[in-house]
Amino acid sequence: MKDKIFGVLQRVGRSFMLPIAILPVAGLLLGLGSSFTNATTIATYGLQGILGEGTLLHSLLIIMNKVGSAVFDNLPLIFAVGVAIGMAKKEKEVAALSALIAYFVMNVAINGMLVVNDKITADGQIAKSVLEGTVTSVCGIQSLQMGVFGGIIVGLGTAWLHNRYYKTELPTVFAFFGGTRFVPIISAAVYLLVGIILFFIWPVIQRGILAVGGLVLRSGYLHGDSL
């Protein structure tokens, strides 16, 4: 039993390595792009002729900045797909597609719950009663701010569904939807429910995180003489 648990944890750890591997490159692009397009930096070092607005390097650095930002802005989606690929035993491409579908379905379901419960107004504005920072745009969908945790929830859950159902055989009438084709279907259905459930659960977790953050801020600095 212990070896089985340890083996699963090893697979989970390895699955995280796939999306994490892109972060250094994205960070480098973002760092270089933002640093060398900063007007103060350019003026301080007298680099207007090389890096000033309108130069080829300036345009290239702006593009690098946007590419790096795109990776970090969509990190939850990258984790959802990457973790699903890492945890899937076979037919990994099906797991990746299923995770992508599940991620969008989950966030659309959350968005629907936000609209139905008047957390988002008819014109798409966030209601004043909603705590600032708890709702954000996820791939153009207004959803709860779950960050990378949302992607991990989708990746792990979709991989489990994939490993369990990718060999499913349905009755002859529905045979076309059997096997690997069944995985995106069951993933969408499950994460529709997950999205609805998270609408009720995640705000509680958010309040807990905010409470812990507030406690840390109020605790002040730890002095050497208090050790």
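Everything below is about the structure shown above.
Residues numbered from 1 in each chain as written. Predicted model: local features only at pLDDT ≥ 70, side-chain atom pairs only at ≥ 80, totals over all residues. Heavy atoms only, no water.

### A look at the nonpolar core
Step number 1: Judged by nonpolar contacts, the single largest core of 28 residues is most densely connected at M106 and V154.
Step number 2: Contributing elements (two or more residues each) for this core: α6 (75-87), α7 (92-116), β1 (135-138), α8 (148-165) and α9 (182-219).
Step number 3: No other element matches the eight residues that α7 contributes to this core.
Step number 4: In this view, M106 contacts M146, G150, V154, Y191, V194, G195 and L198; residues no more than four positions away in its chain are not counted.
Step number 5: Listed in part, the seven residues of the second largest apolar core include L75, V83, M87 and I152. (Core = buried A, V, L, I, M, F, W, Y, C linked by side-chain atoms within 4.5 Å. Buried < 20%, exposed > 50% of the residue type's maximum accessible area, 1.4 Å probe, protein only. Helix = DSSP H or I, 4+ residues; strand = E, 2+ residues; numbered from the N terminus. Contact = heavy atoms within 4.5 Å.)

### Comments concerning the packing of aromatic side chains
Step number 1: Using the criterion set out here, one finds six aromatic pairs in the structure.
Step number 2: When the ring of F16 is compared with that of F79, the centres are 6.3 Å apart and the planes differ by 65°; the resulting orientation is edge-to-face. Linking F16 in helix α1 (residues 2-20) with F79 in helix α6, this pair joins segments that are 63 residues apart in sequence.
Step number 3: Residue class for F16 comes out partly exposed when judged on its relative accessible area of 22%. (Phe/Tyr/Trp six-rings, centres within 6.5 Å; stacked < 30°, edge-to-face > 60°.)

### Description of the side chain of T55
Step number 1: Topologically, T55 is positioned in the loop between α4 (48-51) and α5 (56-73).
Step number 2: Here H58 takes part through its backbone nitrogen, which lies 3.3 Å from a polar atom of the side chain of T55.
Step number 3: Not counting chain neighbours up to four residues away, the residues in contact with T55 comprise Q48, G49 and I50. (Polar contact = N/O pair within 3.5 Å; in protein donor to acceptor, adjacent residues only side chain to side chain.)

### What to know about the pairing of strand β2 (residues 141-144)
Step number 1: Across four bridges, the pairing between β1 and β2 is antiparallel. Within the sheet, the bridge partner assigned to T136 lies in β2 and is S143.
Step number 2: What sits between the antiparallel neighbours β1 and β2 is a turn of two residues, in which C139 has the positive phi angle 55°. (Pairing = 2+ DSSP bridges.)

### Examining the packing of helix α2 (residues 23-35) against α5
Step number 1: Interhelical geometry of α2 versus α5 gives an angle of 140° and a closest axis separation of 7 Å. Of the possible angle classes, the one that applies to α2 and α5 is oblique. Considering the relative orientation of α2 and α5, their crossing is left-handed. When α2 is examined against α5, the residues L23, A26, G27, L29, L30, L32, G33 and S34 are found in contact with a partner set consisting of L61, M64, N65, V67, G68, S69, V71 and F72. (Axes fitted to C-alpha atoms, helices over the stretch in contact; angles between N-to-C directions. Parallel < 35°, antiparallel > 145°, perpendicular 65-115°, else oblique. Left-handed = near helix turned anticlockwise from the far one by under 90°.)

### Structural notes on the side chain of T134
Step number 1: The residue T134 is located in the loop between α7 and β1 in this model.
Step number 2: By relative accessible area, which is 10% here, T134 ends up buried.

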